[in-house]
Amino acid sequence: MNILVLGSGGREHTFAYKLAQSDRCDSLYVAPGNAGTAEIATNVSISVTDFNAIKECVLKNDIHMVVVGPEDPLVHGIADYFSETEELKNVMLIGPSKRGALLEGSKERAKEFMLQHSIPTAAYASFTKESLNAGKAFLDTLKPPYVLKADGLAAGKGVLILQDIKDAKQELENMLAHQKFGDASNTVVIEEFLDGIELSVFVLTDGEDYKILPTAKDYKRIGEGDKGLNTGGMGAISPVPFADTTLMNKIEERIVKPTVMGLKEEKIDYKGFVFIGLIKVGDEPYVIEYNVRMGDPETEVVLPRIKTDLVDLLEAAYRKELNNIALEVDLRAATTVMVVSGGYPEAYEKGKEISGISSVEDSIVFHAGTTLKDGAVVTNGGRVIAVTSLDSDFRKALKKSYQNIAKLSFDRMYYRTDIGFDLS
Ligand code: AMP
Ligand code: GLY
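Residues numbered from 1 in each chain as written. Chains lettered and ligands numbered in written order. Predicted model: local features only at pLDDT ≥ 70, side-chain atom pairs only at ≥ 80, totals over all residues. Heavy atoms only, no water.

A few points about the pairing of strand β16 (residues 272-281)
Next up, step 1: A large share of β16 lies buried, amounting to 9 of its 10 residues.
Next up, step 2: Bridging between strand β10 (residues 197-205) and β16 involves 9 bridges; their strand directions are antiparallel. Directly across from I197, in β16, lies its bridge partner K280.
Next up, step 3: Summarising the sheet, β16 and strand β17 (residues 284-291) pair through 7 bridges and their orientation is antiparallel. Along β17, the bridge assignment pairs G277 with E289. (Buried < 20%, exposed > 50% of the residue type's maximum accessible area, 1.4 Å probe, protein only. Helix = DSSP H or I, 4+ residues; strand = E, 2+ residues; numbered from the N terminus. Pairing = 2+ DSSP bridges.)

This is the structure:
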């Protein structure tokens, strides 16, 4: 069948790489894609939220499956658009309906869902401009640090963690009264701070059944030792060494099952990925957030470990047949290290020529922010390339990633040299 992947990052290159390996994939398209996807698929220059253009592309190229990478088109209702459009309703779109996508699109909605279905998460209350004073009074009842979350999508920047009560009150005011994150902060969720270690669990669900995919841990901060500004993710490791059977059983029973059951009970059409951001406090898992898509760079370590044909797996999710398919996982560890443009996550330059990609051996180069210019691969984003490696343990895999990164170069290239530093 012909397949279209929506998106342009490392996540989408990884999806394309796995889909291209399937005998069932005839022609593969990526919209808009990058220089890496151009090597294994046809890039189509359309935006992921231009539903009309996507429709034309699907019809013109006889596409039978659409894999949605980022959250934006999902939150804007691309799944509903497909199911409600006569010519598209039989196309297998992998991704939740708009109601399902609200689990990521609204932090308040996600908290209500967790409360409704008794899923462990931090205590919270939410506030609007009208209840700003009540929000400040609520902060007075909490101990520092204070966690403030803009309700809507804020490009990963909408969560503030503050030590000082005065700063917390001021930021609450900035968010609610001065639109610090635009409309996304018209509502703010204030949460109890949870102290622990984070991990991510990925679930593929058809709305009834589910498969728990390999776990991963990402490294969000720009600086070594998890210091500095938040980024989209500077590296990832799968599996998470401390996610043992005991913890995974708790996660499955207390979090995954009630999440899938909750979607079903609320009659939410959900055929796609649930990315559950978790924090382990002592020995107990709590949900920090839901995302309604795969993570980036987590995908770069999760998908390479999946041995089951990805087209078969996604089709089973679409057809509500996940209980009929076995998930086979490579037991080796996978690591990925992200190479970024100097300056990221603040201002950075684009268009720098990247050399050394063809010298990489025994690792996989996933392009994140690249494009082709006069036949050369040049930087086109903050996160540029993710180098993924597999080996018997994560340290050996990391060594390969770093040895290969040493062969890459472009002006002001930067990467963290300490991915996995906190794991034993
Ligand atoms: P989110 O966008 O909700 O994933 O939050 C971004 C980051 O903020 C998370 O990855 C955590 O590191 C941190 N965070 C969010 N909520 C909490 C919380 N309740 N307690 C401690 N840290 C949190
Ligand atoms: N790496 C975090 C995310 O994809 O949201």
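There is more to say after this.
What about the packing of aromatic side chains?
Next up, step 1: According to the stated counting rule, one finds 10 aromatic pairs in the structure shown.
Next up, step 2: Ring centres of Y81 and F82 lie 6.2 Å apart, and the angle between their planes is 70°; this geometry places the pair in the edge-to-face category.
Next up, step 3: Arranged with centres 5.7 Å apart and planes meeting at 45°, the rings of F127 and F138 form a pair that is tilted. Here the residue F127 occupies a position in strand β6 (residues 124-128), and F138 occupies one in helix α8 (residues 132-140), the gap between them amounting to 11 residues.
Next up, step 4: Here a set of aromatic residues connected by ring pairs shows up, and it is made of F51, Y81 and F82.
Next up, step 5: Across from the ring centre of Y318, 4.7 Å away, lies the NZ or CZ of K271, which sits over that ring. (Phe/Tyr/Trp six-rings, centres within 6.5 Å; stacked < 30°, edge-to-face > 60°. Lys NZ or Arg CZ within 6 Å of the ring centre and 35° of its normal.)

Focus: the sheet that holds β16
Next up, step 1: What the 4 strands build is an open sheet, ordered β11-β10-β16-β17; its pairing is antiparallel. A single partner strand is all that each edge strand has here, and the edge strands are β11 (210-212) and β17. When the angles between neighbouring strand axes are averaged without regard to direction, this sheet yields 30°. (Axes fitted to C-alpha atoms, helices over the stretch in contact; angles between N-to-C directions.)

As for the site of ligand 2
Next up, step 1: Around ligand 2, a shell composed of D218, G232, F275, R293, G295, D296, P297 and E298 is seen.
Next up, step 2: At 3.0 Å from a nitrogen atom of ligand 2 is found a main-chain nitrogen or oxygen belonging to G232.
Next up, step 3: Out of a free accessible area of 200 Å², ligand 2 has 86% covered by protein chains.
Next up, step 4: Class assignment of the residues belonging to the shell around ligand 2 gives a composition of 2 nonpolar, 2 polar and 4 charged. (Near = heavy atom within 4 Å. Polar contact = N/O pair within 3.5 Å; in protein donor to acceptor, adjacent residues only side chain to side chain. Areas by Shrake-Rupley, 256 points an atom, 1.4 Å probe, with all protein chains shown as cover. Nonpolar A, V, L, I, M, F, W, Y, C, P; charged D, E, K, R; others polar.)

Some remarks on the site of ligand 1
Next up, step 1: Taken together, 14 residues lie around ligand 1, and E191, E192, L194, E198 and E289 are the ones closest in.
Next up, step 2: Note that an oxygen atom of ligand 1 is positioned 2.9 Å from one of the side-chain N or O atoms of E289.
Next up, step 3: The fraction of the free accessible surface of ligand 1 (480 Å²) that becomes covered by protein chains is 87%.
Next up, step 4: Secondary structure elements with two or more residues in the shell around ligand 1: β7 (146-150), β8 (159-162) and β17.

What about the pattern of salt bridges?
Next up, step 1: This model, assessed by the stated rule, comprises 31 salt bridges.
Next up, step 2: A salt bridge links K55 to E87; the nearest nitrogen and oxygen atoms lie 3.4 Å apart. One end of the pair, K55, is in helix α3 (residues 51-60); the other, E87, is in the loop between α5 (78-84) and β5 (92-94), and 32 residues separate them in sequence.
Next up, step 3: For E87, a relative accessible area of 45% translates into the label partly exposed.
Next up, step 4: When the shortest N-O distance is used, the salt bridge between D226 and R416 registers 3.0 Å. Pair noted here: D226 is in the loop between β13 (221-223) and β14 (227-230) and R416 is in the segment after β23 (413-414), with a separation of 190 residues, a long-range link.
Next up, step 5: The class of D226 is partly exposed, set by a relative accessible area of 28%.
Next up, step 6: One connected set of salt bridges, linked through shared partners, spans R24, D312, E315 and R319. (Salt bridge = Lys/Arg side-chain N within 4 Å of Asp/Glu carboxyl O.)

Remarks on the packing of helix α6 (residues 98-105) against helix α7 (residues 107-116)
Next up, step 1: Running from N to C, α6 and α7 point in directions that differ by 100°, and their axes come no closer than 6 Å. Classed by the angle they form, the pair α6 and α7 counts as roughly perpendicular. Residues L102, L103 and G105 of α6 touch α7, and the partners they reach there are K107, R109, A110 and F113.
Next up, step 2: Partitioned by chemical class, the residues of the contact of α6 with α7 number 4 nonpolar, 1 polar and 2 charged. (Parallel < 35°, antiparallel > 145°, perpendicular 65-115°, else oblique. Contact = heavy atoms within 4.5 Å.)

So, the nonpolar core
Next up, step 1: Within the largest apolar cluster, 81 residues are counted, with the highest numbers of intra-cluster contacts made by L4 and V66.
Next up, step 2: A total of 7 residues in this core trace back to one element, the largest contributor, which is helix α10 (residues 245-265).
Next up, step 3: If we skip the residues at most four places from it in the chain, V66 touches L4, L6, V58, F82, V91, M92, L93 and I94.
Next up, step 4: Core analysis: the next-biggest nonpolar cluster, separate from the first, contains 37 residues, F202, I306, I325 and A334 among them. (Core = buried A, V, L, I, M, F, W, Y, C linked by side-chain atoms within 4.5 Å.)

Some points on α3
Next up, step 1: Within α3, burial applies to F51, A53, I54, K55, C57 and V58.
Next up, step 2: Contact partners of the buried residues in α3: β1 (2-7), β4 (63-68), α4 (72-75) and α5.
Next up, step 3: Downstream of α3 by a residue or two, D62 has a phi angle that is positive, lying close to 50°.

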